[in-house]
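So you can see what is in the structure, the chains are spelled out below.
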Amino acid sequence: MTIAGIICEYNPLHEGHVYHMNETRRRTGCDYIVCVMAGAFMQRGEPAFLDKFVRAECALRAGADAVLELPALYAVRPAELYARGGVDILRAVGADFLSFGSETDDLDFLLSLSGALLDESGEVSRQVREGLRAGKTLARARGEALARALGVEPECLNQPNLALAAEYLKRILETNAPMRPVCVKRTSPYHADEPSASASALRRAFLAGDAETALARLPECTREIVRRELPFAPDARVWDALALWSIRRLSPEAMDALPDAGEGLGRRLWNMAQTAGSAEELTELVKCKRYTRARISRLIASAALELPANVPEEIPYVRLLGFRRASSELIAELKKRSGGRLCADPAALENTDAFRLERRATDLRGLLTASPVYRQTGRDRTARFLVV
């Protein structure tokens with residue numbers, strides 16, 4: 001049995017994601033695709049547009065055979081830790097391939113970049129420090145230093161999917177994971193305005209009230225699922241209130257202790273939150289050459305979720321969100337390959353700190369919606385996996 005893994009958000013799933021799954025099957029000849037999907041909050045700190053079990057159902061109907069959860073402990077993090085969580089979960093269940101999208105499908109170049117990330121030379125580190133002293137973001141300073149080391153233009157590295165791809169490969173290399181990488185080139189720009197081009201464009205269309213146009217760009221097999229869930233998308237005004245309250249209730253020192261709050265960002269965010277009227281206004285007030293929008297958004301989510309600064313050395317659990325009935329033999333194989341670590345019963349995770357955080361994230365996202373079901377506490381303790 002051959003298993004290919006995909007690390008994803010599917011927020012929401014669109015035709016590009018279906019293309020990626022189809023290409024993964026074609027290139028690997030795999031028997032099954034296992035997705036490791038972020039839950040209630042996304043890598044850039046936003047609450048998920050759709051509930052995680054809804055997104056899991058969409059993934060299964062669109063071609064995935066099983067969906068596992070990427071805990072918030074890893075999901076709401078910079079690329080390095082996001083990739084670490086996803087790769088380690090796939091390694092734990094014995095995936096044979098890791099398939100990912102990128103702006104380039106030049107695997108040799110991506111391996112060179114991941115190798116440079118894994119073994120940053122003294123000269124690269126020196127140039128990164130110089131860039132930080134010049135007021136550049138860490139991502140920009142490191143990207144420019146690596147670009148010089150690799151002999152390419154910095155713009156080549158300033159692409160979000162490429163950065164994630166390099167981190168996936170880096171984690172494979174540093175853990176000697178037996179997964180073989182498969183890179184599928186993206187067919188459209190990351191933030192393209194055409195709704196079929198990206199999940200962010202689809203979300204913008206939905207929020208702008210152009211639901212029918214956005215729905216028409218979704219795979220037919222998921223269209224009615226998303227239509228049904230649109231009334232229960234997070235309310236930005238509720239998120240504004242909860243986000244600002246979460247920051248204001250903390251001390252500046254507590255803000256400085258949150259993940260990725262260094263270089264004065266935690267205290268600056270706390271100061272600006274005293275007068276900001278929304279999360280968007282707060283982000284605009286804090287944003288500057290050193291602090292990117294994504295980093296600020298993640299820090300706001302970190303305050304709301306009380307995200308710990310560090311992550312454990314080992315993946316705390318491997319949780320099943322759903323699988324296709326026709327792929328039931330896959331679940332037995334995942335249990336076998338993981339040494340019994342695959343968990344289908346949330347009750348078994350009660351005493352896990354990472355699962356307590358996951359419950360908090362799910363409960364918080366639920367409070368942002370108009371759904372009486374999602375607004376109930378403890379859904380993660382009772383929600384069983386999907387079978388479609």
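Please refer to the structure placed before this passage.
Moving on: the packing of aromatic side chains. Within the structure shown, the criterion is met by six aromatic pairs. Here the aromatic rings of F232 and Y374 are separated by 6.3 Å at their centres, their planes lie at 80°, and the arrangement is edge-to-face. With F232 in the loop between α11 (220–229) and α12 (236–248) and Y374 in the loop between α18 (353–367) and α19 (379–382), the pair connects residues that are 142 residues apart, well separated along the chain. On the accessibility criterion, F232 (27% relative accessible area) is partly exposed. Between Y317 and F355, the aromatic rings sit 5.9 Å apart at their centres with planes inclined by 90°, giving edge-to-face as the arrangement. One end of the pair, Y317, is in the loop between α16 (293–305) and β6 (318–323); the other, F355, is in helix α18, with 38 residues separating them in the sequence. When sorted by exposure, Y317 lands in the same class as F355, which is buried.

Our next topic: the pattern of salt bridges. Under the definition given, this model contains 38 salt bridges. The salt bridge partner of D65 is R324, with a shortest N-O separation of 3.0 Å. One end of the pair, D65, is in the loop between α2 (52–62) and β3 (66–70); the other, R324, is in the loop between β6 and α17 (328–337), with 259 residues separating them in the sequence. We classify D65 as buried; its relative accessible area is 2%. The partner of R267 in a salt bridge is D256, with the nearest N and O atoms 3.3 Å apart. Pair noted here: R267 is in helix α14 (residues 265–273) and D256 is in helix α13 (residues 252–256), with a separation of 11 residues, a long-range link. Through salt bridges with shared partners, one network takes in K52, E69, R319, E358 and D380.

Among the structural elements, L150 can be located in helix α7 (residues 138–150). By relative accessible area, which is 27% here, L150 ends up partly exposed. For L150 and N351, which are 201 residues apart along the polypeptide, the C-alpha to C-alpha distance reads 46 Å. Contact partners of L150, with chain neighbours within four places excluded, come to F109, S112 and L113.

The buried count for strand β1 (residues 3–8) comes to six of six residues, which makes it a mostly enclosed element. Inspection of the sheet shows β1 paired to strand β2 (residues 32–38) by six bridges, in the parallel sense. Each residue of the ladder has a partner; that of I6, found in β2, is C35. Viewed along the sheet, the connection from β1 through helix α1 (residues 15–28) into β2 turns out right-handed. Judged from the three bridges that link them, β1 and strand β4 (residues 97–102) form a sheet pairing that is parallel. Within the sheet, the bridge partner assigned to G5 lies in β4 and is L98.

Moving residue by residue along a regular strand, the side chains alternate between the two faces of the sheet. Taken across its seven residues, β2 has seven buried, putting it largely inside the fold. Of the two faces of β2, the one lined by Y32, V34, V36 and A38 and the one lined by I33, C35 and M37 are each fully buried. Relative to β3, β2 is paired through five bridges, and the arrangement is parallel. For M37, the partnering residue across the bridge sits in β3 and is E69. As a crossover connection, the stretch from β2 through α2 into β3 is right-handed.

Thresholds applied
Residues numbered from 1 in each chain as written. Predicted model: local features only at pLDDT ≥ 70, side-chain atom pairs only at ≥ 80, totals over all residues. Heavy atoms only, no water. Phe/Tyr/Trp six-rings, centres within 6.5 Å; stacked < 30°, edge-to-face > 60°. Helix = DSSP H or I, 4+ residues; strand = E, 2+ residues; numbered from the N terminus. Buried < 20%, exposed > 50% of the residue type's maximum accessible area, 1.4 Å probe, protein only. Salt bridge = Lys/Arg side-chain N within 4 Å of Asp/Glu carboxyl O. Contact = heavy atoms within 4.5 Å. Pairing = 2+ DSSP bridges. Right-handed = clockwise from strand over helix to strand, strands pointing away.

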